[in-house]
2 protein chains.
Amino acid sequence: METIMLDRSAIRGLFDKVKSEGRDALTAPEGKILCDAYGIKVPQEGLAKTADEAVSLAGSMGFPVVMKIVSPDILHKTEAGGVVVGVKSEEEARASYDKIVANAKTYKSDARIAGIQVQQMLTGGQEIIIGAVTDGSFGKLVAFGLGGVLVEVLKDITFRMAPATREDALSMLDGIQAAEMLKGVRGGEAVDREALADMIVRVSQLVSDYPEIVELDLNPVFATKDGAIAADVRIVVDFDQPEPRPRPAKEEIVAAMNKIMRPRAVAVIGASAEAGKIGNSVMKNLINGGYKGEIYPVHPKAEEILGYKAYPSVTAIPGDVDTAVFAIPAKFVAGALKECGEKKIPGAVLIPSGFAEAGAPELQDEIVAIGREYNIRLMGPNIYGFYYTPENLCATFCTAFDVKGSAALSSQSGGIGMAIIGFSRSAKMGVSAIVGLGNKSDIDEDDLLCFFEQDDNTKIIAQHLEDLKDGRAFAEAAKRVSKTKPVVVLKAGRTSAGAKAASSHTGALAGNDKIYEDVFNQSGVIRAKSLRQLLDFARGVPVLPTPKGENVVIITGAGGSGVLLSDACVDNKLSLMTMPDDLDAAFRKFIPPFGAAGNPVDITGGEPPQTYKNTVKLGLEDERIHALILGYWHTIVTPPMVFAKLMVEVKDEMKAKGIEKPMVASLAGDVEVEEAAEYLYAHGIPAYAYSTELPVEVLGAKYRWARGAGLL
Amino acid sequence: METIMLDRSAIRGLFDKVKSEGRDALTAPEGKILCDAYGIKVPQEGLAKTADEAVSLAGSMGFPVVMKIVSPDILHKTEAGGVVVGVKSEEEARASYDKIVANAKTYKSDARIAGIQVQQMLTGGQEIIIGAVTDGSFGKLVAFGLGGVLVEVLKDITFRMAPATREDALSMLDGIQAAEMLKGVRGGEAVDREALADMIVRVSQLVSDYPEIVELDLNPVFATKDGAIAADVRIVVDFDQPEPRPRPAKEEIVAAMNKIMRPRAVAVIGASAEAGKIGNSVMKNLINGGYKGEIYPVHPKAEEILGYKAYPSVTAIPGDVDTAVFAIPAKFVAGALKECGEKKIPGAVLIPSGFAEAGAPELQDEIVAIGREYNIRLMGPNIYGFYYTPENLCATFCTAFDVKGSAALSSQSGGIGMAIIGFSRSAKMGVSAIVGLGNKSDIDEDDLLCFFEQDDNTKIIAQHLEDLKDGRAFAEAAKRVSKTKPVVVLKAGRTSAGAKAASSHTGALAGNDKIYEDVFNQSGVIRAKSLRQLLDFARGVPVLPTPKGENVVIITGAGGSGVLLSDACVDNKLSLMTMPDDLDAAFRKFIPPFGAAGNPVDITGGEPPQTYKNTVKLGLEDERIHALILGYWHTIVTPPMVFAKLMVEVKDEMKAKGIEKPMVASLAGDVEVEEAAEYLYAHGIPAYAYSTELPVEVLGAKYRWARGAGLL
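This structure is a prediction, so every number in the text was calculated from the model and none was measured.

Engineer: Could you give an account of the overall build of chain A, naming the residues involved and the relevant values?
Structural biologist: Tallying secondary structure elements over chain A gives 23 helices and 30 strands in all. Each principal axis of the C-alpha atoms in chain A carries an extent, and together these give about 100 × 80 × 40 Å. Here chain A holds 712 residues, and the buried ones make up 59% of them. When contacts within chain A are restricted to residue pairs at least 6 apart in sequence, long-range pairs at least 24 apart make up 70% of them. Accessible area for chain A stands at about 27,300 Å²; split by element, carbon and sulfur atoms hold 52% of it. Charge separation in chain A, taken as the distance between the mean sites of 77 positive and 93 negative side-chain charges, equals 2 Å.

The structure is reproduced here in structure tokens:
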């Protein structure tokens, strides 16, 4: 990419002029100035005042050219015979010059003629659209698609956050459905990928440098094997854009979040001795959950609550307080929050509803302002609170929860939070934290990402969300965090109906789902397609070791499962290894003659445990294989628990030799396979009964993460 | 559609000529003859021998036209100046005639000139491809897509079995991704849908009438608002096509299947007293399963087996036998099968493997021939057998199974059969039958469809398959059967990797998945995307009453579930009702002021049981609502089982008043919701814990069926 030589003051002057004239769009010449400044190729053009100049200009830019009259007195150029397209030679250029001038004089004898514009004429090439939009959550995004029906009818377009890197830009060329078109079809030539990527990067830089550009369209761009030229540029500006959401520095976020999530002392504002009250449930959860820090109930009158000395206000509490849990009606929150500010409490957990989600945005604005004034980070409002199991902390009115482990989950909705709790308990999925984010007046998913990133108790982060208040902050955090810990997201409000429901639920602006999809990919986020998938990924992905390569092998007792598992591999972008001859022969030694080696390795249904053992051991030992998918078929010869225990034995035996590979299992059989699946899961092999899809989805998620993190 | 006037003997003659000349393609003029005969519009053309004739011809077909020299001595017409395109007027036609003749003479003075071909020139319009292919399983199919990159790069093409009806053809126009293109985009005009549909129907009729046409392409067809003309026709023929699979009449199928599935007497060939042997397991399952008919063990030497008198051969059995279950090695099957023939046993259940799937197609061919000779229907080989619960019949070596109900399932694979058994038992899904089809040497899915269609014990049919040996027979049966009973299919081998695995598993030819997809749609088949979905649909769809209209309403305690449920509605093609004002007001009366009416109706999380009751009752009572999706949020105020029992109460109360509507539920909460889900399911409300997707998928499947069956 050429260095961009910018005359920033000139560009600034251009925008100032547009602003002073009250315009919201740039003229074509203004657009060209910006393109030239950023090295975005547009057709060359020049003004010729004589036929000789026209010939020389055309020669320098190359034929064919278009020639047009330039006269303040002629508005309808074509009508005046003032346009000639497809001028192919010096001779024609000279003749056209004379003809246009003559036509103009005939059309309007007293017309002032400034000259003839000579413009490079674009012919052929693949029509491309490169553009930029401004998203309420993600800010500037660069867009790429093929011209014509593909963008218009099939919405075959891809986005990246701006500024985009060359790698981002190149990934856009492969990110559309019709990507093959760029490689040349029907005997056509492949386009110049570097030139297109370069143009994408330049556009993304331009809109990042000048935030007043809210929309930009290069449409069409003609791409050929030799380069790319934008035939038309359209730029829309807005000088009155909303203030960005304040973003504390990462260190500040981490410091505050550590205090909130791992507090030395918790105050419960609205603590109550009366069963059924939220302030009572919160107290009980703190106490019964086993939290070891100080607990300070706050109540206007009570002396003590549930055996703990009560205080009339947080300001009356003798020691420091890190987290204040609010269990009082919305209208009292602002007052109590100010007291938290005076007490220098860094975090407020705002359980109450009755704010933006209930048609009272002014109440929410008020508490946000107080939070900023006193530097209190706000979780909520309109939430169930949160759990942080390493500290035995249940700062919530929901059920207490104590299944410890390494998955950190969050949800924007209380109902989904309860589903997380139920699933986690039922599936014995150990969690480090469950956090309710609700209205996200302040603390957002990116704050959680920053905390969990440095939290040694967390190995995977799974988030349910309806919108991102600051998508850019999220994407930046996710891109960094996902390099070390998988980030899984279930984005609700994907569809128009879902978006409508989200807006009336938490006031969420669900946004353009294609943008979420592309930004998630750009940030290394694993997107879950369903609530169950979010939960299954949170459970299964941390169980699996990271694969060291792309070669997946299926070993199955049930041929039918092998077929469905193969389909699932393709669906989940897993590569079934092409079996080398020597390995094929090695597998064949262990299986009956009517079994099938290749991949899947079909050991057939009637085999004894030893056959499973031999083949799986071989699969683990051979260095060319990187992951195994097991298909089990329940028979009398190899009952479910025999299979399960044997697989764990083989796995442990290999682990002792330093061999660790991801393994998942699909179990087909009578109800006893459910116990076997549980045993396998508990021992590091994610396994599912009656399903060929779920185990492969979990393995696929692990691979997606490893690829995004650059580990493959 | 105009009546087609066919001169069949002329067409026959044309094909005979092609055959005798050993060609595998028709010439353009031959193609035109077929198109003309079938009323498929192609450009008009004619031979002019004078300039006057050229003028008159061009005038009759309309300008512009193309004019071309016709001379046996001029091969390279363009080189000879023998072609003029874009002839726009009588004047130009006359001049062109003279010019072409003059050019020809200049080019080759002694050239014999037969005249000038005048051909209608097609300009503009949407480029379309209409074609036909021959599929090994489905036979003749008609194909439709848009010209250019859409078919080539995006594979945006749709198929229907030929002959296609007008409705089929019209559905193809909506069956492509780029369907909007046909309605006019970028200010273009919509194409003439009837003309395109008409052309599709005619093509489908042509290829059906002449099976020797194996491929046909009209590419491009130019479609405008006034009609459609095929600019080019390409026809490939094959006079040596494989024999179709024999197809007994429906009545014969039903008679035989009734004998096999509900036999008065069963013989077990290879019965054994030795535990662990397949012939022993089959005997035990028959006896312990509670089968009330006669059981005849067949064994060369034994006097009796498990208390039943044994016979050395089926021919020695005194009474009639309806079903013979084979539990002997492959090599002995043919001999025993002949004896079944002599005994006039109508059905053989061939458990043994070692046939086509194991590289011994000749063994399979042999038994198929015996089956045909003696009119014995063959199930398998390479199967687990089958269950028919209304007769307490377990004709299998797998576990006995006795959870009676109305779902009939089949699988091509034994492993999948075991998964069906395990899931059915675990989920308490009552089944009428589970059938293994394996290699499908004879009995195929369409035979099962014919049986289950008339089987009063079956309400839904769910089939796992890797291929269809006779896709056409299946589609015809499914189209009929699905009008009264839902048919759900899981097609394995969807992907290239899956297809490869299927081929080495049961020798299945997985075929083009897009064709399966389209034919399933054309036949009213509900396609399951995964094994779990097949099972969940089999379980849930028969539980639900048939909806009377498309208006779906979500009533939820958890707003977050409401958002995800809305997304799931869109994914599953369900229509969220736009809430009429009066109904909105009626719902609002029952919910707190900060709840949201509209759709979803968000009653909010803290509500008592009565709020769920009031709103659900209203939803059931109001005639404008046709189905309900419930979102439950576990709270202390409304515990899971309280909610579940109340919902069933309301449902039963309404049922007593004659009101029945499909209801499904998504339960978000702690582990107690699992028991509640089970209770709801058992009482007619399919419910899932920790999932917003699964209940909506089940409702979506019910709707898909109802639409396909013409009930909506």
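Engineer: Just give me the short version of the interface of chain B and chain A, but keep the residues and values in it.
Structural biologist: Across the boundary between the two partners, chain B contributes 72 residues, which contact 72 residues of chain A. Roughly 5,600 Å² is buried in total at the junction of chain B and chain A, and carbon and sulfur atoms are behind 64% of that figure. The salt bridge partner of R425 of chain B is D670 of chain A, with a shortest N-O separation of 2.8 Å. Connecting chain B to chain A are 24 residue pairs in polar contact (both at pLDDT 80 or more). If you list the elements that add at least two residues to the side of chain B that touches chain A, you get α5 (149-152), α12 (414-426), β23 (487-491), α15 (496-506), α17 (531-540), α18 (559-571) and α23 (693-708) of chain B. Classifying every residue of the side of chain B that touches chain A by side-chain character gives 34 nonpolar, 24 polar and 14 charged.

Engineer: With reference to specific residues and values, describe the packing of helix α18 (residues 559-571) of chain A against α15 of chain B.
Structural biologist: One way to put it is that α18 of chain A packs onto α15 of chain B with a least axis distance of 7 Å and a crossing angle of 170°. Relative to α15 of chain B, the element α18 of chain A is oriented roughly antiparallel. From α18 of chain A, G559, G560, G562, V563, S566, D567 and V570 of chain A reach across to α15 of chain B, where they touch A497, G498, A501, A502 and H505 of chain B. Residues that form the contact of α18 of chain A with α15 of chain B fall into these classes: five nonpolar, six polar and one charged.

Engineer: So what's going on with the packing of aromatic side chains? Residues and values would help.
Structural biologist: Across all of its chains, the model carries 28 aromatic pairs over all chains by this definition. Look at Y612 of chain A and F643 of chain A: their rings are 5.0 Å apart centre to centre, the planes differ by 65°, and that puts the pair in the edge-to-face class. In this pair, Y612 of chain A is assigned in helix α20 (residues 609-621) and F643 of chain A in helix α21 (residues 640-656), connecting sequence segments 31 residues apart. As far as the burial class goes, Y612 of chain A and F643 of chain A line up, both buried. In textbook terms, an aromatic cluster arises when at least three aromatic residues are bridged by ring pairs, as seen for F138, F474, Y516 and F520 of chain A. Taking the ring centre of Y681 of chain A as reference, the NZ or CZ of R539 of chain A above it sits at 3.5 Å. Stacked on the ring of Y311 of chain B, the Lys or Arg K309 of chain B has its end atom at 4.9 Å from the ring centre.

Engineer: A description of the sheet that holds strand β18 (residues 385-388) of chain A should follow, citing residues and the corresponding values.
Structural biologist: Picture the strands of a sheet paired through backbone hydrogen bonds; they go either parallel or antiparallel. Residue and element names in this part refer to chain A. Taken in spatial order, the seven strands of this open sheet run β19-β18-β21-β20-β22-β23-β24, and their pairing is mixed. For this open sheet the edge positions go to β19 (393-396) and β24 (526-527), each flanked by a neighbour on one side alone. Relative to strand β21 (residues 431-436), strand β20 (residues 404-411) runs parallel, the two sharing six bridges. Note on β21: the bridge partner recorded for L409 is I434.

Engineer: Lay out the sheet that holds strand β12 (residues 294-298) of chain A in plain terms, naming residues and giving numbers.
Structural biologist: All names here are of chain A. As summarised here, the arrangement of the five strands in space is β12-β11-β15-β16-β17, forming an open sheet in which the pairing is parallel. Where the open sheet ends on each side, the last strands, each with one partner, are β12 and β17 (377-379). Each strand of the sheet is rotated relative to its neighbour by a mean of 20°, with strand direction disregarded. Bridge count for strand β16 (residues 347-350) against β17 is three bridges, and the pairing is parallel. In the strand pairing of β17, A348 is matched with L378.

Engineer: Please provide a residue-by-residue account of the relation of the copies chain B and chain A, values included.
Structural biologist: For the pair of chain copies, the relating transformation is a rotation about an axis with a translation along it. Superposing chain B onto chain A takes a rotation of 180° plus a shift of 0.0 Å along the axis, which leaves an RMSD of 0.2 Å. What the superposition gives is, in effect, a two-fold axis relating one chain to the other. Closest approach to the rotation axis among the C-alpha atoms of chain B is made by L150 of chain B, whose C-alpha sits 4.3 Å away. The share of interface residues of chain B whose copies in chain A are also at the interface is 100%, consistent with both copies meeting through the same surface.

Engineer: I'd like to hear about the nonpolar core, residue by residue, with values.
Structural biologist: Core analysis: the largest hydrophobic core is formed by 107 residues, its most contacted members being L196 and L218 of chain A together with L196 and L218 of chain B. The contact partners of L218 of chain B, leaving out residues within four places of it in the chain, are C35, I40, I128, I129, I130, M199, V203, A230, D232 and V233 of chain B. With 96 residues, the next largest nonpolar core counts I555 and V601 of chain A together with L531 and L694 of chain B among its residues.

Engineer: Can you explain the pairing of β21 of chain A? Please cite residues and give values.
Structural biologist: All names here are of chain A. Within β21, six of the six residues are buried, which leaves the element mostly enclosed by the surrounding structure. Pairing analysis gives three bridges linking β18 to β21, with the strands arranged antiparallel. Within the sheet, the bridge partner assigned to Y388 lies in β21 and is A433. Handedness of the β-α-β unit built from β20, helix α12 (residues 414-426) and β21 comes out right-handed.

Engineer: Which residues make up helix α1 (residues 8-20) of chain B, and what values do they have?
Structural biologist: Residues spaced three or four apart along an α-helix face the same direction, because each turn holds 3.6 residues. Residues and elements named next belong to chain B. With 13 residues, α1 should cover 18 Å at 1.5 Å per step; its first-to-last C-alpha distance of 18 Å lies within 8% of that length. Turning to α1, its buried residues are I11, L14, F15 and V18. Take α1 and look down its axis: the buried residues cluster within an arc of 90°, on one side only. Turned more than 90 degrees away from the buried face of α1 sit S9 and S20, all of them exposed. In this structure, the buried side of α1 is in contact with α2 (28-37), β8 (213-224) and β10 (233-237). Backbone geometry just after α1 places G22 at a positive phi near 70°.

Engineer: Account for helix α9 (residues 278-289) of chain A, with residues named and values stated.
Structural biologist: All names here are of chain A. With 12 residues, α9 should reach 16 Å at 1.5 Å per residue; the first-to-last C-alpha distance of 16 Å fits that figure. For α9, the set of buried residues is G279, N280, S281, V282, M283, N285 and L286. Here the buried face of α9 lies against β11 (265-269), β12, β13 (304-305), β14 (308-309), β15 (323-326) and β19. One or two steps after α9, the chain reaches G290, where phi turns positive at roughly 95°.

Engineer: Break down the domain arrangement of chain A for me, citing the residues and quoting the values.
Structural biologist: When the parts come together, some accessible area is lost, and that loss is often what is quoted as the size of the interface. Under the domain assignment, chain A is made up of domain 1 (8-120), domain 2 (126-237), domain 3 (245-382), domain 4 (403-542) and domain 5 (551-708). Using only C-alpha atoms to locate each centre, domain 3 of chain A and domain 5 of chain A end up separated by 50 Å.

Engineer: Tell me what's going on with the side chain of T556 of chain B, and back it up with residues and numbers.
Structural biologist: Residues and elements named next belong to chain B. Examined against the element boundaries, T556 turns out to sit in strand β25 (residues 551-556). In this structure the side chain of T556 is engaged in a polar contact, spanning 2.7 Å, whose partner is the backbone oxygen of A558. There is a polar contact of 3.4 Å between the side chain of T556 and the backbone oxygen of G631. Setting aside residues up to four positions removed in sequence, T556 forms contacts with S561, G562, P600, V601, D602, I603, T604 and G631.

Parameters and conventions
Residues numbered from 1 in each chain as written. Chains lettered and ligands numbered in written order. Predicted model: local features only at pLDDT ≥ 70, side-chain atom pairs only at ≥ 80, totals over all residues. Heavy atoms only, no water. Helix = DSSP H or I, 4+ residues; strand = E, 2+ residues; numbered from the N terminus. Buried < 20%, exposed > 50% of the residue type's maximum accessible area, 1.4 Å probe, protein only. Contact = heavy atoms within 4.5 Å. Areas by Shrake-Rupley, 256 points an atom, 1.4 Å probe, with all protein chains shown as cover. Lys, Arg positive; Asp, Glu negative; His and termini not counted. Charge placed at Lys NZ, Arg CZ, Asp CG, Glu CD. Buried area = accessible area lost by both parts, 1.4 Å probe. Salt bridge = Lys/Arg side-chain N within 4 Å of Asp/Glu carboxyl O. Polar contact = N/O pair within 3.5 Å; in protein donor to acceptor, adjacent residues only side chain to side chain. Nonpolar A, V, L, I, M, F, W, Y, C, P; charged D, E, K, R; others polar. Axes fitted to C-alpha atoms, helices over the stretch in contact; angles between N-to-C directions. Parallel < 35°, antiparallel > 145°, perpendicular 65-115°, else oblique. Phe/Tyr/Trp six-rings, centres within 6.5 Å; stacked < 30°, edge-to-face > 60°. Lys NZ or Arg CZ within 6 Å of the ring centre and 35° of its normal. Pairing = 2+ DSSP bridges. Least-squares fit on C-alpha atoms with pLDDT ≥ 70 in both. Core = buried A, V, L, I, M, F, W, Y, C linked by side-chain atoms within 4.5 Å. Right-handed = clockwise from strand over helix to strand, strands pointing away. Expected span 1.5 Å × (residues − 1). Arc of directions from axis to C-beta. Domains from an automatic or database assignment.

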